[in-house]
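Summary of structural features
As a plain string of letters, each chain reads:
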Amino acid sequence: MPQSAEKILDHKDLFKEPEYQAMLEKKRATYENATPAEKVAEVEDWTKSWDYREKNLARSCVTINPAKACQPLGAVFAAAGYDSTMSFVHGSQGCVAYYRSHLARHFKEPSSAVSSSMTEDAAVFGGLNNMIEGLANTYALYSPKMIAVSTTCMAEVIGDDLNSFIIKSKEKESVPADFPVPFAHTPAFVGSHVDGYDNMQKGILSTFWKDAPRTAGEGINIIPGFDGYAVGNIRELKRMLGVMGVEATILSDVSDVYDTPSDGEFRMYAGGTTQDEIKAALNAKATISLQEYCSRKTLAFAEEVGQQTAAFHYPMGVQATDELLMKLSELTGKEIPEQLRLERGRLIDAMADSQAYLHGKTYAIYGDPDFVYAMARFVMETGGEPKHCLATNGGKDWEEKMKALLASSPFGEGCQVWAGKDLWHLRSILATEPADLLIGNSYGKYLERDCNVPLIRLTFPIFDRHHHHRFPTFGYQGALNVLVKLLDTIFDKLDTESDISFDLTR
Amino acid sequence: MAKDIADSAEANLKLIEEVLAAYPDKAKKKRAKHLAVAQPLTEAEPGIQSKCDTVKSNIKSVPGVMTIRGCAYAGSKGVVWGPVKDMLHISHGPVGCGHYSWSQRRNYYTGTTGVDSFVTMQVTTDFQENDIVFGGDKKLEKSIDELNELFPLNKGISIQSECPIGLIGDDIEAVSKKKMKDIDKRIVPVRCEGFRGVSQSLGHHIANDMIRDWVLEAGEGARAGYVAGEYDVNIIGDYNIGGDAWSSRILLEEIGLNVIAQWSGDATIAEIERAPAAKLNLIHCYRSMSYICRHMEEKHGVPWMEYNFFGPSQIAASLRAIAAKFDAKIQANAEAVIAKYQPLVDAVNAKYKPRLEGKKVMLYVGGLRPRHVVDAYHDLGMEIVGTGYEFAHNDDYKRTGHYIKEGTLIYDDVSGYELEKFVEAIRPDLVGSGIKEKYNTQKMGIPFRQMHSWDYSGPYHGYDGYAIFARDMDLAINNPVWGMFDAPWKKSA
Ligand code: SF4
Ligand code: SF4
């Protein structure tokens, strides 16, 4: 009997015990009608061949292990960054359970959102009654200051019109007439979560900005974009702005709501950008997006109201941070202070100290378009060589931008860009043209196992490691965190692979 | 004791009233039917402690209240079909549903992922606007061809419909029939769109019906020529979360039975095909798979019985009840197995009972565990003060009375608001529920275990699982972190 009270074996070890091994062996041999082991091994080898890769890359219909989620997830994330805002997702309720679980698993935090719980009758008659009743309940139970409405694909397919539904709900006094109920249509069959983020941002800003008079001022708005590291990153961003003396409004600041303390109280809402701040933000001189692919429509809208705009691709690494700071300096007339120059210098110092281990390392990088761009750029700054850059939700224009970036450095030579491909494609790609390191999210662990390439988790979602998102990746300080993660993986690998050269000092 | 019960019943009724007060009238009326306390029995029945089926269940959730429930797709793909390991399961529709459910249920299996087993993969037709406008049947057809080429060792493909499929009029049955001929493998279309029904539950039912129509009644498959032995049984309704079905199977084999199929944790399609040959169906999750047991009984003459492998009292009772369906040899074996594990049980209890005795637990889980795990807690000397289900039906609440004493708080399809208020008022020593409830509860300073995924631990079934269960409840409750919530300079008055 393998189990004992002194040493309790759970799933990790229990099933390795001989009793279980024999049981599983018998099950396989007797009842499973399993494919013989030699055949499995043969097919497994084939899945790593060039022949398989060609077939795999030729597929045009089925998607396998995509690195993207659907629009409403991004909408829920964007809304969470506004003060006391409840997301109300109009459509079937299962989706909302999924968004909440997904965010909770990554941040290890509560994630609140409600559904209008549409069922078969709503599919026939439309979901107006669900909206009318639902908004009233949400308003009564959760005392929000704002309810942000998005849609699941069900509501989109049957064509529910949010604008008129919300007007009717207000007529029925579900919520007071002047209560803000911004909305965004977020069809899951268009784009991905980054588009949902964009649509909801635009929905919220237009609720407060449309038809409001604008007096151009000197303020700056910053849209951080969908970001699994938002907690650490937005705080780091605010710190840098503070050091520079720049007063900026973060449009959707999720840093507190996804990082509430444990002190006996559950805070459904915490921090976030207030409605007064949103209103005042209309007068800003400029709106800056830190992630272009998360904010194209929103920035276009900011331009429409008369603001200047600028877009970045995730300010991670040296030049990306330089550019952001210089832009802020240009817009505000404030100088970049010595403190930030010193921080920059310390980052460069760290990179110089470690360059021998970083130079020439090859990488496969996947994730959202802006992240992959920034990551590839920073890797090249360290002397590393991106070999494969993949974004399932990246399009043609992203591909071109990536190619231009890679062409700008000798370290980008020979890197292939994979727009619209998924992680099963990447498996074939890594099996045939390997890289030293893989950068992505938790789903990459299957590639790590199958292709024997160490995974560095640096983007959303991270389910199987804890608390990384509490530390920034933005800015010079963030780059230092990223640098350490790269180096730790490189050193761990070196040590596991060394026998004679198991050196104490590296 | 009687006074205690009356007190807690009264307090709980008052609490329900307070919580309902926050709702607008219409919602209050609806929700009032789902909240109750376990009632005394009108006449004593052996083995039954209370009457719990006074709450209404399996009814549409109230919009806007933050129900914890999922959808039919989650019930079919997530629960029933997803674990069948040698088939590919297409999340048919847009990318989201398959993404969020990807690898989240810990249905353990053996095999080589992506070669002969496919459980932890997310396969989707990733619908785009065009597919919505023009229909997705063509894309589905071609997807099946592509999958069959890339995964030649697959033994079949299931099509798990997401919301749009039923709304745009696609004919996935026709596609399945056609492709079945083309690729000569089993293809199973499942209309488990998320808007059908009121929770995961209808998804289970639909998934069962598709096993019936597209597997069991669509040809014998691996059943052909199989000569059943007198001790052949099936494990039904065990999804092998953290290895649960394995720590159950080992006991059934030890008492001399042959488990010819596991539904559906670590299952192959051959096991499913062969199942009707068995002599007895042993069903663990009644809620999700009773439908197919009834079918096998009517159509194939396979009797079925429920069992419970959580905690030593229920394990022993179940082993005896199962053995009673067989001969003296099996019965003797069952006694021997119970005796064999008794020292382990004693040692586990000796170690953990003193640390857990008298602790109060609130549960809120899916369709089975809110009652099935209760005696495992009792075995550790713990007490259940509230329980409720996401998607139970009336027959589940009836069965709950076997475990729950009168006066206990009962909540069906609880809303986030209600659960928070209940937990706040009762302040149990432990809450057992899901990921969406975990962190809110912990922030309130109350220990928590996820009771869907076993909080990434397990197995919890069987004797081996009981030891892990006891360890986990102890580590959750007795961690020092709960004592540090208050800053010492701000001692609460
Ligand atoms: S309700 Fe529909 S869209 Fe949502 S998860 Fe379920 S099947 Fe998918
Ligand atoms: S793809 Fe559609 S059904 Fe699925 S989770 Fe997203 S919105 Fe819901």
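Cut-offs used in this document
- Residues numbered from 1 in each chain as written.
- Chains lettered and ligands numbered in written order.
- Predicted model: local features only at pLDDT ≥ 70, side-chain atom pairs only at ≥ 80, totals over all residues.
- Heavy atoms only, no water.
- Helix = DSSP H or I, 4+ residues; strand = E, 2+ residues; numbered from the N terminus.
- Rg over C-alpha atoms; globule rule 2.2 N^0.38 Å.
- Buried < 20%, exposed > 50% of the residue type's maximum accessible area, 1.4 Å probe, protein only.
- Contact = heavy atoms within 4.5 Å.
- Areas by Shrake-Rupley, 256 points an atom, 1.4 Å probe, with all protein chains shown as cover.
- Lys, Arg positive; Asp, Glu negative; His and termini not counted.
- Charge placed at Lys NZ, Arg CZ, Asp CG, Glu CD.
- Pairing = 2+ DSSP bridges.
- Axes fitted to C-alpha atoms, helices over the stretch in contact; angles between N-to-C directions.
- Near = heavy atom within 4 Å.
- Nonpolar A, V, L, I, M, F, W, Y, C, P; charged D, E, K, R; others polar.
- pLDDT = per-residue confidence, 0-100.
- Right-handed = clockwise from strand over helix to strand, strands pointing away.
- 1 Å grid on protein atoms, 1.4 Å probe; cavity = no way out; pocket = protein on both sides within 12 Å on 5 of 7 lines; lining within 4 Å.
- Points joined across faces, edges and corners; volume = space filled by probe spheres on them.
- Buried area = accessible area lost by both parts, 1.4 Å probe.
- Salt bridge = Lys/Arg side-chain N within 4 Å of Asp/Glu carboxyl O.
- Polar contact = N/O pair within 3.5 Å; in protein donor to acceptor, adjacent residues only side chain to side chain.
- Core = buried A, V, L, I, M, F, W, Y, C linked by side-chain atoms within 4.5 Å.
- Phe/Tyr/Trp six-rings, centres within 6.5 Å; stacked < 30°, edge-to-face > 60°.
- Lys NZ or Arg CZ within 6 Å of the ring centre and 35° of its normal.

Next up on the list: the overall build of chain B. Within chain B, the regular secondary structure consists of 20 helices and 14 strands. Computed over C-alpha atoms, the radius of gyration of chain B comes to 23 Å, within 12% of the 23 Å expected from 2.2 N^0.38 for 493 residues, which places it in the range of a compact globule. The buried share of chain B, taken over its 493 residues, is 67%. Sequence separation of 24 or more characterises 71% of the internal contacts of chain B that already satisfy a separation of 6 or more. When the accessible area of chain B is evaluated, it comes to approximately 15900 Å², of which 53% is carbon and sulfur surface. Looking at chain B, you have 59 positive and 65 negative side-chain charges, and the mean spots of the two groups are 3 Å apart.

Moving on to the sheet that holds strand E6 (residues 248-250) of chain A. Residue and element names in this part refer to chain A. The parallel open sheet is built from four strands, whose spatial order is E6-E5-E7-E8. With partners counted over all chains shown, the strands left at the sheet margins are E6 and strand E8 (308-311), one partner each. Pairwise comparison of adjacent strand axes, ignoring direction, gives a mean angle of 20° for this sheet. Of the pairings in the sheet, the one linking strand E5 (residues 220-223) to E6 comprises three bridges and is parallel in character. Note on E6: the bridge partner recorded for isoleucine 220 is alanine 248. The strands touched by helix H15 (residues 318-332) within the sheet are E5, strand E7 (286-289) and E8, with E7 carrying the most contacts at an inclination of about 175°.

Bringing the site of ligand 1 into the picture now. Taken together, Ser92(A), Gly94(A), Cys95(A), Tyr98(A), Cys71(B), Tyr73(B), Cys97(B), Glu162(B), Cys163(B) and Gly194(B) make up the full set of residues adjacent to ligand 1. One chain alone does not account for the residues near ligand 1; they come from chains A and B. Ranked by residues supplied to the shell around ligand 1, first place goes to helix H6 (residues 93-107) of chain A with three residues. Here the residues of the shell around ligand 1 sort into six nonpolar, three polar and one charged.

Considering every residue of chain B, the mean pLDDT works out to 97; 99% of them sit at 70 or more. ipTM for the predicted complex: 0.97, alongside a pTM of 0.98.

Residues and elements named next belong to chain A. Alternating residues of strand E12 (residues 437-440) divide into Leu437 and Ile439 and Leu438 and Gly440, and every residue in both groups is buried. Looking at chain direction, strand E9 (residues 362-366) and E12 are connected through three bridges and run parallel. Counterpart to alanine 364 in the pairing with E12 is leucine 438. Remark: the E12/helix H20 (residues 445-451)/strand E13 (residues 455-457) crossover connection has right-handed handedness.

This brings us to the layout of surface pockets. Residue and element names in this part refer to chain A. By volume, the second largest pocket is sized at about 600 Å³. As for the second largest pocket, its lining consists of 28 residues, and the residues nearest its centre are Lys68, Thr392, Asn393, Gly394 and Gly420. Sorting the residues of the lining of the second largest pocket by element identifies helix H11 (193-209) and helix H14 (296-304) as the ones contributing at least two each. Of all the elements, H11 adds the most residues to the lining of the second largest pocket, at three residues. Residues of the lining of the second largest pocket, tallied by class, amount to six nonpolar, 11 polar and 11 charged.

Between chain B and chain A, the residue contacts involve 119 residues of the former and 103 residues of the latter. Counting each side, the surface lost to burial between chain B and chain A is near 9400 Å², with a carbon and sulfur contribution of 62%. When the buried area of chain B at its contact with chain A is split by residue, Met66(B), Tyr100(B) and Lys443(B) rank highest and sum to 10% of it. Our count for the contact surface shared by chain B and chain A stands at 12 salt bridges. Salt-bridge contacts for Glu32(A) lead to Lys85(B); the nearest nitrogen and oxygen are separated by 3.0 Å. Remark: the boundary between chain B and chain A carries 45 residue pairs in polar contact (both at pLDDT 80 or more). Here the residues of the side of chain B that touches chain A sort into 55 nonpolar, 36 polar and 28 charged. Where strand E1 (residues 63-64) of chain A lies against strand E3 (residues 123-124) of chain B, two bridges are found, and the strand directions are antiparallel. Counterpart to Thr63(A) in the pairing with E3(B) is Thr124(B).

Moving on: the nonpolar core. Core analysis: the biggest nonpolar cluster contains 249 residues, and Met375(A), Trp81(B), Trp263(B) and Tyr377(B) have the highest contact counts within it. With 10 residues, the top contributor of residues to this core is helix H14 (residues 328-356) of chain B. One finds Ile166(A), Met362(B), Leu409(B) and Phe422(B) within the second-largest nonpolar core, a separate group that totals 42 residues.

So, about the packing of aromatic side chains. Inspection of every chain in the model, using the stated rule, returns 36 aromatic pairs over all chains. Where Tyr389(B) meets Tyr397(B), the ring centres are 4.8 Å apart and the plane angle is 75°; that geometry is what we call edge-to-face. Using a relative accessible area of 0% as the deciding quantity, one classes Tyr389(B) as buried. The class for Tyr397(B) is buried, based on a relative accessible area of 0%. One aromatic cluster in this structure is built from Phe77(A), Phe107(A), Tyr197(A), Phe226(A), Tyr258(A) and Phe460(A). Across from the ring centre of Tyr226(B), 5.4 Å away, lies the NZ or CZ of Arg274(B), which sits over that ring. Against the face of Tyr286(B) rests Arg399(B), its NZ or CZ located 3.9 Å from the ring centre.

The next thing to look at is the site of ligand 2. In the region of ligand 2, the neighbouring residues are Cys70(A), Pro72(A), Cys95(A), Tyr99(A), Thr152(A), Cys153(A), Ala188(A), Pro94(B), Gly96(B), Cys97(B) and Tyr100(B). This site is not confined to one chain, since residues near ligand 2 come from chains A and B. Residue assignment for the shell around ligand 2 shows that the elements contributing at least two residues are H6 of chain A together with helix H4 (96-101) of chain B. In the shell around ligand 2, the residues fall into nine nonpolar, two polar and no charged.

Note that side chains of opposite charge can pair when their charged atoms are close. In this structure the tally under the stated criterion is 81 salt bridges over all chains. A salt bridge links Glu109(A) to Lys443(B); its shortest N-O distance comes to 2.9 Å. Placement of Glu109(A) in the loop between H6 and strand E3 (114-115) and of Lys443(B) in helix H19 (residues 435-443) is noted, with the two residues assigned to different chains. Both residues of the pair, Glu109(A) and Lys443(B), belong to the buried class. Note that Asp413(B) and Arg69(B) form a salt bridge whose closest N and O atoms lie 3.4 Å from each other. Taken as a pair, Asp413(B) in the loop between strand E12 (409-411) and helix H18 (416-426) and Arg69(B) in the loop between strand E1 (35-37) and helix H3 (72-81) lie far apart in primary sequence, 344 residues in all. Taken individually, Asp413(B) and Arg69(B) each receive the classification buried, so the pair is uniform in this respect. When salt bridges with common partners are traced through the structure, they connect Lys27(A), Arg28(A), Glu32(A), Lys85(B), Asp116(B), Asp266(B) and Glu271(B) into a single cluster.

With that settled, consider the sheet that holds strand E6 (residues 232-238) of chain B. Residue and element names in this part refer to chain B. Spatially, four strands are ordered E7-E6-E8-E9 in an open sheet, and the strand pairing comes out parallel. The outermost strands of the open sheet, each flanked by one partner alone, are strand E7 (258-264) and strand E9 (304-306). Recorded for the sheet is a direction-independent mean angle of 25° between the axes of neighbouring strands. The strands that helix H10 (residues 244-254) touches are E6, E7 and strand E8 (280-283); relative to E6, the one it contacts most, it runs at about 155°.

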